[in-house]
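# Architecture at a glance
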Amino acid sequence: MYRVDGRIISNLFLLCTLKPALSLLGVPSSLSQNINIVYRSTAMMMGDNNISTEYTKVPTDRLVYTQPSKSSYPKRSSNWRNGLYDILDLVEESNQQGEDNPIVLFQNEKYVCIYDMYPKAKYHMLLMRRKNIEHIGQINNIHTLNDLQPTHLDEMKEFHTLGKNIATNLESYDQSTTMKLGYHSVPSFEPLHLHIISSDLQSSCITKRKHIISFASPLFFVDPISVEMHLESAFADSCLLSVRKERATSVLDDTPMACTRCKRQAVSVPDWKRHNEVCDVIPMEKETDQKLNSLLGWKRQPLSEEENRGTKRSLSTTVSTFDGVQTKYGKRLRKVEDKETNNARIRNTYLKIDMDESIFDQLHNMVNRVGREWTEENNTRHQQTKSKKQAKKQLTISPRSRHSLHMTYFFMGRVLNDMPSEEVQRWNTMVRSCVSEHNNKSTPRFYSLSFKSIVLFPPNRNYLVVAEFEASSDLVDLYGQLCNLALMEKSGDNTHEYEFPLLRELTLKQQQYDSKWIPHITLGNVQGGSREDVTRLGEWLGNKTYEDISSTNILGLSLGGPMPEVDINWKFPFINSK
C-alpha cells in the first residue's frame, strides 16, 4: 500500500485506490499496469509523499564518526567478494548478544550503516539492508543494481532518504565537509550497498588509479537520483535494471585522473594526492542529477519454464539492450528488444498528444493482423521457390508493444534534461501560455485527427510501419507556434541571445529534414528482405483497405520520456477538441 498525505490531489488518491479494485474485478493487468505507471509519474511530480519515515530517521544529535581498527572486522572468507556478507553476519550476531559493534555507525530495524574498512575519504560509510529481515520490504535479496525492478522504486527512495539523512547529520556538525552518495556501477562486493563519502577524497587508502576514478567519475559513481529516475521511467514490471559493464570498465580504465575541483589532470596517483590536499577551488555544481546515467539500461528477465516451453530460448538467456550509447553489440541487440519494449526511446523527451486509449488498442490489433496477413501471403506466394535459407531472410513486420505506442507532437530529445531548471520552468510556462492563448482566441479552435492509412516511414528509408493521420489546421498551427517558442530570441537590446539555446539547436536540426509536423504513430519495424521486398510491401499496404478507426478525442498535450527533476505540471489540456 502506498503512503499518501493530504497534499496529494484527489486524482492521485483515486489512482492509488483504483488499481487494487480493478485487480479484484478481473480487469486485464495491462490496464492496471498503465494506472500504476500514471500513479508513479504523478507521485514523482508531487514529491516523495509515498515514502515512509519509519526507517529514515536518524538521531537529532551528532552521529559520532570514529573509524574502527582493522581488527574489528571479521576475518576474510575464502571468497573475498563475500566480505560484506561476513560483516552483516557479524552485525546480526552482535545484535543478538546485545553488544555494540564498533564497525556500525548507525542501524535501525531495517538498515545498517557501517564504516568502510578502507576509507577513501575523511568520512566513508556503506549503507546496506540488514540480513534476515525478510518481513520488511523486498530489497533484502538484491545483490547489485542489476537486480532492481520498477517495483523496488518506493523502497529504494526510502533507502536513499536514510542515506541523505545520515550525510546531512554529519555535514551539520562538520561545516567543512560535503557528503555525496552513490553506487559503483561495477561493485567489488555484494550485496547492494550505497557509499556515503565526503568529497575531499583524502585518505592513505587511496593507492591506485581506480580508487580515484571510482569515486571521482560521475559516470562510474552512479548517483541515487539516476537510479530512481531510471526506475521511474519503467514501462513494464518485467524489466530489470542493467549496467553497461563493458563501458563502465572503459570509464574506469580510460578516464584521466582529474581534480574534482579544478579539473587539473594528474600524471600519477601521488601527484593527484598532493594536488588534492592543497586545491582550494570551489567545486563545480554536479550535473548528473538532471539526467539518466548513461551506464544504466534495461534487460528482460529470463523466461519461466512454462513460458519457455516450445521455444529454442534457454532459461538462462537474457537479451540486454541499453539506451543511449552504441556498444560492441550495439543496434543488433536493441532491435531484438524493441519489439517488446520502448527501451530505445526512454532516453528522449517529447510532447505527445493525449487521446483516447482505445485508438492505441485498435491500431495495435490492426498492425498484428496486417503483419500476419503479409507473412501468410508472402509465404504462400514464394514457398515453392524459396529455400530455407532464403525464407529466413524474408521481409516481416515486427509490431511494437502496446505500451510503446504514442503520437509525438514536439520532439525534445535529451535536451530537456540537460537544460538548467530555470530554463525548464520558463519553457513549461511559455508552452502553457501558448496553448492557453491558442484555446482562448475568439475564433473557436478544434483539434482533431483522422486516420488515413498504414504506410512505410520515413520516406526513402522505409524501415518503420506507421499509422498516418490527417491533422486539423488548428493542430498544425499550434505546432508552428511551439517551434517559434523554441527558436525565439531573448527580449532586450542584446541580439543573438536565445531563450532556449539547446532547444533551438535541436529544433533547427529537425527542420532541416522535416519542416512540418507529420502526424503518425509508429506501429512496428520492417525486418529482413531486399529493397524490392520493401517496395512490394509499400505497394501492398497502399492497396489494402483498412477498417475505420473510431473518432479520436484529443484531450491535450503531455510530456513523454524521462521526467525532468523540476516540480511542475506537464499536462496541457485543450478546451475545444473534436
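Residues numbered from 1 in each chain as written. Predicted model: local features only at pLDDT ≥ 70, side-chain atom pairs only at ≥ 80, totals over all residues. Heavy atoms only, no water.

This part covers the pattern of salt bridges. When their charged atoms lie close together, side chains carrying opposite charge are able to pair. Summed over the entire model, instances satisfying the criterion amount to 15 salt bridges. The partner of Asp-89 in a salt bridge is Lys-131, and the shortest N-O contact between them spans 2.7 Å. With Asp-89 in helix 3 (residues 83–96) and Lys-131 in the loop between strand 3 (124–129) and helix 4 (153–173), the pair connects residues that are 42 residues apart, well separated along the chain. On the accessibility criterion, Lys-131 (25% relative accessible area) is partly exposed. The salt bridge involving Lys-122 is made with Asp-174; its shortest N-O contact spans 3.0 Å. Taken as a pair, Lys-122 in the loop between strand 2 (111–115) and strand 3 and Asp-174 in the loop between helix 4 and strand 4 (179–184) lie far apart in primary sequence, 52 residues in all. (Salt bridge = Lys/Arg side-chain N within 4 Å of Asp/Glu carboxyl O. Helix = DSSP H or I, 4+ residues; strand = E, 2+ residues; numbered from the N terminus. Buried < 20%, exposed > 50% of the residue type's maximum accessible area, 1.4 Å probe, protein only.)

On to the environment of Thr-207, then. Mapped onto the fold, Thr-207 is located in the loop between strand 5 (193–198) and helix 5 (209–216). With a relative accessible area of 52%, Thr-207 lands in the exposed category. When the C-alpha atoms of Thr-207 and Val-269 are compared, they prove to be 6.9 Å apart, with 62 residues separating the residues in sequence.

Next up on the list: the pairing of strand 5. Burial within strand 5 is extensive, with six of its six residues counted as buried. On strand 5, burial covers both faces: His-193, His-195 and Ile-197 on one face and Leu-194, Ile-196 and Ser-198 on the other are all buried. As defined by bridge partners, strand 4 adjoins strand 5 across four bridges and the pair is classed as antiparallel. Residue pairing for strand 5: Leu-181 is matched across the bridge by Ile-196. (Pairing = 2+ DSSP bridges.)

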